[in-house]
Amino acid sequence: MKIETIAVRAGHSIDPGTGAVASPIHLSTTFERDVEGSYSRGFMYTRNNNPNRQALEQGISALEGGAAAAAFASGTSAAMSIFQTLAPGDHVLAHADAYYGTSRLLREIFVRWGLEADFIDMSNLAAVKKALRSKTKMAWMETPSNPLLKIVDLAAVAQIVHEAGAVCVCDNTWAPVLQRPFDLGADLVMHSTTKYFGGHCDVAGGVLITKIENDFFEQIRRVQYVGGAVPAPFDCWLILRGMRTLPWRMRAHSENAMKIASFLAQHREVERTHYPGLRSHPDYEIARKQMSMLGGMLSFEVKGGRDAAMNVAAKTKIFIRATSLGGAESLIEHRASIEGAGTTSPEGLLRLSIGLENADDLIEDLDQALGKL
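Residues numbered from 1 in each chain as written. Predicted model: local features only at pLDDT ≥ 70, side-chain atom pairs only at ≥ 80, totals over all residues. Heavy atoms only, no water.

### What to know about the pairing of strand S3 (residues 116-120)
Stage number 1. In terms of strand pairing, strand S2 (residues 91-95) meets S3 through five bridges, oriented parallel. Its bridge partner lying in S3, Ala94 is registered against Phe119.
Stage number 2. Once you follow S2 into helix H4 (residues 100-113) and on to S3, the crossover reads as right-handed. (Pairing = 2+ DSSP bridges. Helix = DSSP H or I, 4+ residues; strand = E, 2+ residues; numbered from the N terminus. Right-handed = clockwise from strand over helix to strand, strands pointing away.)

Right, dumping it as structure tokens:
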């Protein structure tokens, strides 16, 4: 089946009791034992498993082309569960330009706990090779990266990491459907399902998908159950519902973003535009090779630095000043002020999550905001 058909059908089935086409929501926290004490229907306690979570995990695993998946209450809790499978003294390679929440997890929690971590530019293959150690157990890739939209050559990095005997993880939050990390060598794929999977800025979640079911993924399952950072049944239902339109929404997000990036790249008040669909992007060729479309996220740097950027964000009428991404509405944010102390984001940079509005309306909105500097 093609990706659009999988998105609609995976994880969904007709309810056998009622014939309902829309899946029911199973709110029960506990399930009845058989008289001899077993659970022949497969469910014991909602922290262990739940019909809605099982459907979500099966659906996303099928869409991503994996063997199994584990759903969590947020993208951050999904990332945390991976690091919790490692042992003190293990070494992690992470992308320097990545979601700041993942960097904070490593720096503020897991380094204190005993993990060792190096943050490098993973778009630089020589830097990846140089940073590897005998204790390297995992490489954490994110592409396109947040917020500079750097592109990691997934196949090349996976080969380098595997030769060192380490596990390769790809945060694919910004490019669901558009990018197939398993086909390029990744062992695990992570999504913050809060974003494009949910698609409406009204539900939080995260998921980890594995290429093969093995002991490492069983450890993740153990963390999921013992730690208990699992999504509620209604959250699972919402995310699986959002997945049904995901391929079509990603096309619209990408088409809008390409138009807006092209406009910004030529604007007199814009110093630099970061979008891998532009031929001026240093990783344009790699992006075109490993992505079917270039996604709905972009960033640009306003001439005049922080004050000028904040001024632009304050004057948009359609773009909403808010954190997050992947919804139907377009969002704008000054990334450095969101990330706070220690940010590596340029002070003049604004990050855009391009929504599903008309692209011409969005361009007109940015043009009038930039024109009022």
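After that view, the rundown keeps rolling.
### Focus: the packing of aromatic side chains
Stage number 1. Considering all chains together, one arrives at six aromatic pairs under this definition.
Stage number 2. With centroids separated by 5.7 Å and ring planes inclined at 85°, the aromatic side chains of Phe110 and Trp113 adopt a geometry described as edge-to-face. Taken together, the positions of Phe110 and Trp113, both in helix H4 and three residues apart, correspond to about one turn of that helix.
Stage number 3. The class of Trp113 is partly exposed, set by a relative accessible area of 39%.
Stage number 4. Members of the aromatic cluster, joined through ring pairs, are Phe83, Phe110, Trp113 and Trp140.
Stage number 5. Here the guanidinium or amino end of Arg107 rests over the ring plane of Phe119, the centre of that ring lying 3.8 Å away.
Stage number 6. Here the basic side chain of Arg251 rests over the ring of Trp248, its NZ or CZ set 4.4 Å away from the ring centre. (Phe/Tyr/Trp six-rings, centres within 6.5 Å; stacked < 30°, edge-to-face > 60°. Buried < 20%, exposed > 50% of the residue type's maximum accessible area, 1.4 Å probe, protein only. Lys NZ or Arg CZ within 6 Å of the ring centre and 35° of its normal.)

### A few points about the pairing of S2
Stage number 1. When you tally the buried positions in S2, you get five out of five residues, the bulk of the element.
Stage number 2. Neither face of S2 is exposed, since His91, Leu93 and His95 on one face and Val92 and Ala94 on the opposite face are all buried.
Stage number 3. Strand direction decides the pairing type here: S2 and strand S4 (residues 136-142), joined by four bridges, are parallel. Across the sheet, residue Val92 finds its bridge partner in S4, namely Met138.

### Quick word on the nonpolar core
Where a protein is soluble and globular, its nonpolar side chains tend to be buried together.
Stage number 1. Membership of the largest hydrophobic core comes to 59 residues, with the highest contact counts inside it found for Ile260, Leu264, Leu298, Phe300 and Leu352.
Stage number 2. Looking at this core element by element, the count peaks at seven residues for helix H9 (residues 246-265).
Stage number 3. Those residues in contact with Leu298, other than ones at most four positions away along the chain, are Leu149, Ala257, Ile260, Ala261, Leu264, His274, Tyr275, Leu350, Arg351, Leu352 and Ile354. (Core = buried A, V, L, I, M, F, W, Y, C linked by side-chain atoms within 4.5 Å. Contact = heavy atoms within 4.5 Å.)

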